[in-house]
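Each chain is listed here by its residues.
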Number of protein chains: 2
Amino acid sequence: MAAAQKDAPDKRRMILDAAVRVFARQGFHHCRVSDVADEAGVAYGLVYHYFNSKDEILNTLFLERWQIMLDAIGEIDARDLPSRVKLRSVAGFIIDSYRHDPDLMKVIIVEVTRAANSFGALHLDEIRKAYEAIAAIVESAREEGSFKSGIPAEFAAMCFYGAIEQLLTGWIFEVLPRSDADFEGAKDLVVEAICGGLEDGEHAVRASDPNSGVTSRPAASG
Amino acid sequence: MAAAQKDAPDKRRMILDAAVRVFARQGFHHCRVSDVADEAGVAYGLVYHYFNSKDEILNTLFLERWQIMLDAIGEIDARDLPSRVKLRSVAGFIIDSYRHDPDLMKVIIVEVTRAANSFGALHLDEIRKAYEAIAAIVESAREEGSFKSGIPAEFAAMCFYGAIEQLLTGWIFEVLPRSDADFEGAKDLVVEAICGGLEDGEHAVRASDPNSGVTSRPAASG
DNA sequence: CTGCAGATTGACTAGTCAGTCAATCGCTGG
DNA sequence: CCAGCGATTGACTGACTAGTCAATCTGCAG
């Protein structure tokens, strides 16, 4: 038992870690189970000794990580801090998660949280818990009066989470710069953007009727 | 020729429209070309008469629709309107696009804009154009002083677009309500949330040090 | 009526790959 | 030294499906 931890590496863990790298590099659908086995340095069949299917590997990766995030958000919410600081902590946690293991966060975002026809639907309840946890932070801010009452907490939470996930997507796709300073700066900027707003308080002008003179024409011609 | 438009339906268009429904229902990777042919009511081989591959169908759908969006954003930006109204128009256009053809927008978001290992990478240049077009609107607002200079336009654009895409994702996953009033309300709310911010101007408190007392611990234990 | 050209058909091929399984390995206790 | 058992191996199978292609159809021009 004790020897197993010193001499024999944890093959199951090795397979999971290899899967993260392979899924991130090639995508879940564009890699073979043999790619994961090769990356882990184990035989093909061993993957099926520890997991019942290729899907189960991804499910395991997602659930492990997502639970850590849910726990973190719950803990942040339980602290006695201003709402903006709580949201700053949530943003910081997610961004640090990406810095710490970009491959894993890439896999989770690309293959699960946005995959409406496969793993996203499967884990919808778990994903929703994150939205609800953020909404809870916003809701208490609304109740204490620091956040606008006109924006529903559920709606605000989606905007906040969406902004963060879009930043990760920008880093994943390499359309946003990825220096340490960029990651650190993003934590404050995203909170300032969503909580404080893009408009400059000194100069902000509220449009009395945002619809005036503007017609949406989404339909394709023809 | 004239008869072709009255009697013979445009089979190519029928295949594209059928593909939207099938891709939205089953996902690109979980459907067969025969599913698309059946849905369109044409023979399997005809799909390959009009398209060189299954991929080309999705590429066509994406490029058609994305170009319409790029044109719309460009046109909105060219108008002489306050920045907030321009962003309201962009949000309205994207949300109306979803209302008009939710299946197509679902396919575009799920299979392309978030698919970092397949179509997303292929169309990265096109996707980036949308970010840049939104950033251009923000940038002029910064220059005229109505938007904060401390938030880079490129960064603000990602937050804005991410919030909108998250709303669509919420509708796609059915975690947000989808009445006509919800769609209409979302147009104003998303602009109010991002431009005006979540915080109530009357009560807003700027945390002098958002980091105080908060430690990010993204690493998995063990 | 005839023949061409493009549209349409669907059976077939060729390749892929998730998952199985019987054999082997290596440790541990008797 | 042996028996037993979980860990490990990798060749193999069964199922699936993207893409091909030769045959057929249809409309029209000569």
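See the structure shown above.
Reading the values: rules and limits
The written sequence of each chain sets the order in which its residues are numbered from 1. Going through the entries in the order they are written, you letter the chains from A and number the ligands from 1. Reporting of local features is limited, given that this is a predicted model, to residues whose pLDDT is at least 70; pairs of side-chain atoms are given and counted only at 80 or more, and all residues count toward the totals for whole chains, interfaces and linings. Per the convention used, a helix needs a DSSP run of H or I reaching at least four residues, while a strand needs a run of E reaching at least two, with both numbered from the N terminus. With C-beta atoms placed from the backbone, a residue counts as buried when 20 or more other C-beta atoms lie within 10 Å of its own, as exposed when 12 or fewer do, and as partly exposed for counts between those limits. What counts as a contact here is a pair of residues whose C-beta atoms, placed from the backbone, lie within 7 Å. A set of buried Ala, Val, Leu, Ile, Met, Phe, Trp, Tyr and Cys residues, joined to one another through C-beta atoms within 7 Å, is what we call a nonpolar core. Nearness between a residue and a molecule or strand is assessed with a C-beta atom placed from the backbone; a distance within 6 Å qualifies. Note that Gly is not counted as nonpolar here; it falls among the polar residues with everything else outside the nonpolar set of Ala, Val, Leu, Ile, Met, Phe, Trp, Tyr, Cys and Pro and the charged set of Asp, Glu, Lys and Arg. For this overlay, a least-squares fit was computed on C-alpha atoms, restricted to residues scoring pLDDT of at least 70 in both copies. Given a helix with a known number of residues, its expected span is that number minus one, times 1.5 Å.

1. Remarks on the overall build of chain A
Helix and strand counts for chain A come out as 11 helices and zero strands. When the elements of chain A are put in sequence order from the N terminus, they spell out α-α-α-α-α-α-α-α-α-α-α. Across the 222 residues in chain A, those meeting the buried criterion constitute 45%. For chain A, the proportion of contacts with a sequence separation of at least 24, taken over those separated by at least 6, is 64%.

2. As for the nonpolar core
I194(A) and I194(B) are the most contacted members of the largest nonpolar core, which totals 140 residues. Filtering out sequence-adjacent residues up to four positions away, I194(A) remains in contact with C159(A), F160(A), A163(A), C159(B), A193(B), I194(B), G197(B) and L198(B).

3. Side note on the protein's contact with DNA strand D
Taken together, 17 residues surround DNA strand D, and among them A43(A), G45(A), V33(B), G45(B) and S53(B) come closest. Sorting the residues of the surface near DNA strand D by element identifies α4 (44-50) of chain A together with α3 (33-40) and α4 (44-50) of chain B as the ones contributing at least two each. Grouping the constituent residues of the surface near DNA strand D by class yields nine nonpolar, five polar and three charged.

4. Section: the protein's contact with DNA strand C
Residues in close proximity to DNA strand C total 16 residues, the closest being V33(A), G45(A), S53(A), A43(B) and G45(B). Of all the secondary structure elements, the ones that give two or more residues to the surface near DNA strand C are α4 of chain A together with α4 of chain B. The element contributing the most residues to the surface near DNA strand C is α4(B), with four residues. Taken together, the residues that form the surface near DNA strand C break down as nine nonpolar, four polar and three charged.

5. Topic: the interface of chain A and chain B
The interface of chain A with chain B comprises 76 residues on the first partner and 76 residues on the second. Elements that contribute at least two residues to the side of chain A that touches chain B include exactly α5 (54-78), α6 (83-100), α7 (102-113), α9 (124-144), α10 (153-172) and α11 (180-196) of chain A. Examining the composition of the side of chain A that touches chain B, we find that 13 residues originate from one element, α10(A), more than from any other. For the side of chain A that touches chain B, the per-class residue count stands at 40 nonpolar, 23 polar and 13 charged.

6. A word on the relation of the copies chain A and chain B
Here the second copy of the chain follows from the first by a rotation about an axis and a shift along it. Expressed as a screw transformation, the operator carrying chain A onto chain B has a rotation angle of 180 degrees and an axial translation of 0.0 Å, and the superposed copies differ by an RMSD of 0.0 Å. Read as a symmetry element, the transformation amounts to a two-fold axis. Considering only C-alpha atoms, the residue of chain A closest to the rotation axis is G197(A), which sits at 1.7 Å. In this assembly the copies share their binding face: 100% of the residues contributing to the interface of chain A also contribute to that of chain B.

7. Side note on helix α2 (residues 11-26) of chain A
Residues and elements named next belong to chain A. Look at α2: 22 Å from first C-alpha to last across 16 residues, which is about the 22 Å you get at 1.5 Å a residue. As for α2, its buried residues are in contact with α3 (33-40), α4, α5 and α7. Trailing α2 by a residue or two, G27 shows a phi angle of about 90 degrees, which is positive.

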